[in-house]
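# Examining the three-dimensional arrangement
Given next are the chains, with one letter for each unit.
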Amino acid sequence: MLPKFDLYMPEDFVEACALKADGAKPVAGGTDVFVNMHGGKDKSARVLDIKRLKELQGQRFSESGLDLGALTTHREIEVWDEIRSRYYAMFQGCSQVGSVQIRHRATLGGNIMNGAPSADSIGPLLVHDAVVTVAGPDGEREIPLDKFYTGFKKFDIQPDELLTRLHVPLPPDNAGSAYYKYMRRNAMDLALMGVSAYVEIEDQHFTSVRIALTTSGPTPMRSYSAEQVLLGQPVSDEIIVQAAETVEREGKPRSSWRSSAEFRTRLLHDITIIVLHEAVQRALKPVALKAEAIPMRQYPGLDGLKPRPKMEDVSCSM
Amino acid sequence: MQYVEINVTVNGELYNKTVPANKTLLRFLREDLFLNGVKEGCNEGECGAFTVLVDGEPMNSCLVLAAELNGREVLTVEGLAQDGRLHPLQEAFIEAGAIQCGYCTPGMLMSAVALLNRYPHPTRAQIRKEMEGNICRCTGYTRIADAVLLAVEKMDTAEKNQSPQRNQKVLAGTKK
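Residues numbered from 1 in each chain as written. Chains lettered and ligands numbered in written order. Predicted model: local features only at pLDDT ≥ 70, side-chain atom pairs only at ≥ 80, totals over all residues. Heavy atoms only, no water.

## Here's the deal with the interface of chain B and chain A
- Between chain B and chain A, the residue contacts involve 37 residues of the former and 37 residues of the latter.
- Of the roughly 3,200 Å² buried at the junction of chain B and chain A (both faces included), carbon and sulfur atoms supply 58%.
- Three residues stand out in chain B for area buried against chain A, namely Asn22(B), Leu63(B) and Glu132(B), and they jointly supply 19% of the buried area on that side.
- Joining chain B to chain A, the criterion identifies 4 salt bridges.
- Residue Glu68(B) is joined to Arg105(A) by a salt bridge in which the shortest nitrogen-to-oxygen separation is 3.0 Å. (Contact = heavy atoms within 4.5 Å. Buried area = accessible area lost by both parts, 1.4 Å probe. Salt bridge = Lys/Arg side-chain N within 4 Å of Asp/Glu carboxyl O.)

## Some points on the side chain of Lys39(B)
Residue and element names in this part refer to chain B.
- Note that Lys39 resides in the loop between helix H1 (25–32) and strand S3 (51–54).
- An unpaired buried charge is present at Lys39: no salt bridge exists, and Glu78, the closest side chain of opposite charge, is 6.9 Å distant.
- Look past the residues within four positions of Lys39 in its chain and what remains in contact with it is Leu26, Arg30, Ala49, Phe50 and Tyr103. (Helix = DSSP H or I, 4+ residues; strand = E, 2+ residues; numbered from the N terminus. Buried < 20%, exposed > 50% of the residue type's maximum accessible area, 1.4 Å probe, protein only. Lys, Arg positive; Asp, Glu negative; His and termini not counted.)

## A short note on the nonpolar core
- Ranked by internal contacts, the top residues of the largest apolar core, which has 46 residues, are Leu68(A), Met90(A), Ile112(A), Leu145(A) and Phe148(A).
- Of all the elements in the fold, those that place two or more residues in this core are helix H1 (13–21), strand S5 (65–69), helix H5 (88–94), helix H7 (108–114), helix H8 (122–127), strand S6 (131–136), helix H9 (145–148) and strand S10 (162–169) of chain A.
- Once you skip the residues sitting within four places of it in the chain, Met90(A) turns out to touch Leu66(A), Leu68(A), Ile77(A), Ile83(A), Pro124(A), Leu125(A), His128(A) and Val168(A).
- Counting residues in hydrophobic clusters, the runner-up holds 42 residues, among them Val8(B), Ala21(B), Cys62(B) and Ala66(B). (Core = buried A, V, L, I, M, F, W, Y, C linked by side-chain atoms within 4.5 Å.)

## So, H1(A)
Residues and elements named next belong to chain A.
- Within the span of H1, buried status applies to Phe13, Ala16, Cys17, Leu19 and Lys20. Each buried residue of H1 sits inside an arc of 165° when the element is viewed along its axis, so together they form one side.
- Among the residues trailing H1, Gly23 stands out with phi positive, at a value near 105°. (Arc of directions from axis to C-beta.)

## Quick notes on the side chain of His128(A)
- When you line up the elements, His128(A) lands in the loop between H8 and S6.
- Judged by relative accessible area, His128(A) falls into the buried class, the value being 2%.

## Considering the sheet that holds strand S2 (residues 13–20) of chain B
Residue and element names in this part refer to chain B.
- Taken in spatial order, the 5 strands make up an open sheet running S2-S1-S5-S3-S4, and their pairing is mixed. The open sheet has two edge strands, S2 and strand S4 (57–60), and neither has a second partner. When the angles between neighbouring strand axes are averaged without regard to direction, this sheet yields 40°.
- Of the pairings in the sheet, the one linking strand S1 (residues 3–10) to S2 comprises 8 bridges and is antiparallel in character. Residue pairing for S2: Val4 is matched across the bridge by Val19.
- The sheet strands contacting H1 are S1, S2, S3 and strand S5 (73–75), and the helix crosses S2 at an angle near 110°.
- Together, S3, S4 and S5 form the strand contacts of helix H3 (residues 105–118), whose direction differs from that of S3 by roughly 35°. (Pairing = 2+ DSSP bridges. Axes fitted to C-alpha atoms, helices over the stretch in contact; angles between N-to-C directions.)

## Things to note about the domain arrangement of chain A
Residues and elements named next belong to chain A.
- Taken domain by domain, chain A holds domain 1 (6–49), domain 2 (54–169) and domain 3 (175–289).
- Distance from the C-alpha centre of domain 2 to the C-alpha centre of domain 3: 20 Å.
- Taken residue by residue, the interface counts 29 residues in domain 2 and 27 residues in domain 3.
- In total, domain 2 and domain 3 occlude about 2,100 Å² of area from one another, counting both sides; carbon and sulfur atoms represent 57% of this. (Domains from an automatic or database assignment.)

## A closer look at the environment of Val4(B)
- Structurally, Val4(B) is set in strand S1.
- When the C-alpha positions of Val4(B) and Lys17(B) are compared, they lie 8.3 Å apart, and in sequence the two are 13 residues distant.
- Excluding residues that lie within four positions of it along the chain, Val4(B) makes contacts with Met9(A), Lys17(B), Thr18(B), Val19(B), Ala21(B) and Ala67(B).

## Looking at helix H11 (residues 237–250) of chain A
All names here are of chain A.
- Counted at 1.5 Å a residue, the expected span for H11 with its 14 residues is 20 Å, and the 20 Å between its end C-alpha atoms agrees.
- Among all positions of H11, only Ile239, Ile240, Ala243, Ala244, Thr246 and Val247 are buried. Along the axis of H11, the buried residues cluster in a sector spanning 160°; they form a single face. Opposite its buried face, H11 presents the exposed residues Glu238 and Arg249, each directed more than 90 degrees away. (Expected span 1.5 Å × (residues − 1).)

## Focus on the pattern of salt bridges
All names here are of chain B.
- If you walk through the whole model with that rule in mind, you get 31 salt bridges over all chains.
- Asp55 serves as the salt-bridge partner of Arg72, at 3.2 Å between the closest nitrogen and oxygen. Of this pair, Arg72 sits in the loop between S4 and S5 while Asp55 sits in the loop between S3 and S4, and the two are 17 residues apart along the sequence.
- Classification of Arg72 by relative accessible area gives partly exposed; the value is 24%.
- The residue Glu91 makes a salt bridge to Lys154 at a minimum N-O spacing of 3.2 Å. Here Lys154 lies in helix H5 (residues 142–160) and Glu91 lies in helix H2 (residues 88–95), a separation of 63 residues in the sequence.
- Here Glu91 falls in the buried class, since its relative accessible area comes to 16%.

## Notes on the sheet that holds strand S3 (residues 46–49) of chain A
Residue and element names in this part refer to chain A.
- Spatially, 3 strands are ordered S1-S3-S2 in an open sheet, and the strand pairing comes out parallel. Two strands lie at the open edges of the sheet, namely strand S1 (6–8) and strand S2 (25–27), each paired on one side alone. The mean inter-strand angle of the sheet, taken between neighbouring strand axes irrespective of direction, is 30°.
- Pairing of S2 with S3, which is carried by 3 bridges, proceeds in the parallel orientation. By the bridge assignment for S3, Pro26 is matched with Leu48.
- Set on the sheet, H1 makes contact with S1, S2 and S3; between it and S3 the angle comes to about 150°.

Okay, here's the thing in structure tokens:
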């Protein structure tokens, strides 16, 4: 049973900001907040439902990129064709959140503001260089997503401000991205480890690289030093392995009941190789083929990460 | 305690009710409308036994407030059968032996309805992916997937014979 609370469902943005500044708990999909409330972890006496605010609604794809309202659900990203062909990592991240039911409710803005280090949509947004817009009664500010996180569940946002929109620039035709989520079961699990990568390739050289790590620190984070290893270098297995070793040194995963820090660090290395390979392959494909899944490539020494069998191949005897 | 007045359509019938602000859709359906098909499992959105369709989309009724539902349409497992005749999915679940204790079944059926609205001829992989949020602890998922495929066959045959077996109310209640 949910604790008793007063519910506010304003349509006016300034009114919503005032309520938030006054201590009301903002709720969009409620897939984190209500879970915490059921569990007794969150006892907010006032709940602010922000789903009626027009400033946070709508999503559009144009020549300048994606303009996403903070209320965009993961399901909307998952079934959107342009996302698959241009922002494949976002498709991979958003389609692996929870279950279909959760994805119909859970919003991108909520995934950011919940602040979990394991958030699946954030790594892909980081590597696609997303910029968030926060707005309050005094106007709006644009902040690059990697600067928006200031610590564990801490953000560059004032009490009277709300996250309103996300802008994701349009990647060029020679770009490719990938996200890999390692989890113990195929659905309804948090990322034990996740790595996202975005590369642009020209004449077989990395001309732009972004790598983001999930569950590797207090917030989802970029691995800037690994990006520097690859930048300007010709594409090769050796340089990708070097980048993976740098990621392994830069990531600071913790031990938890899900897994030990040692295992997570090993995963960082192996998954970085997988996503970089996938992103490179996708970057080399023409735009029309970028939406296709790329089979995972096995490297020597990757014995710990065998590809999962295809669902058609799984036979269960009854 | 704050109360909210809502007008909500459930299984084709319009209800005007006053609900406490903190009441979930699940409790509203079970306690106010006595629709006990929707089940409370974990109450955290993990198990899928809570699945109902809101405006045609599967949602976790334990994490949705009843107060949000003003003007919206809800379909529960009770709304599947029509004129005393089971929905093809329900028939298929029985015939394929996809039920054991039955606790997950209402949620499974609602997820399957949503699945077939999106993919009328799903592959086994699509069934597994779209129904990943429903957990069954008895029969395993193979027979459930078998049942969905059997239901597709039944619906196709019914369509060929132009019989009105395919549930019109279900299709009407889902905005695509």
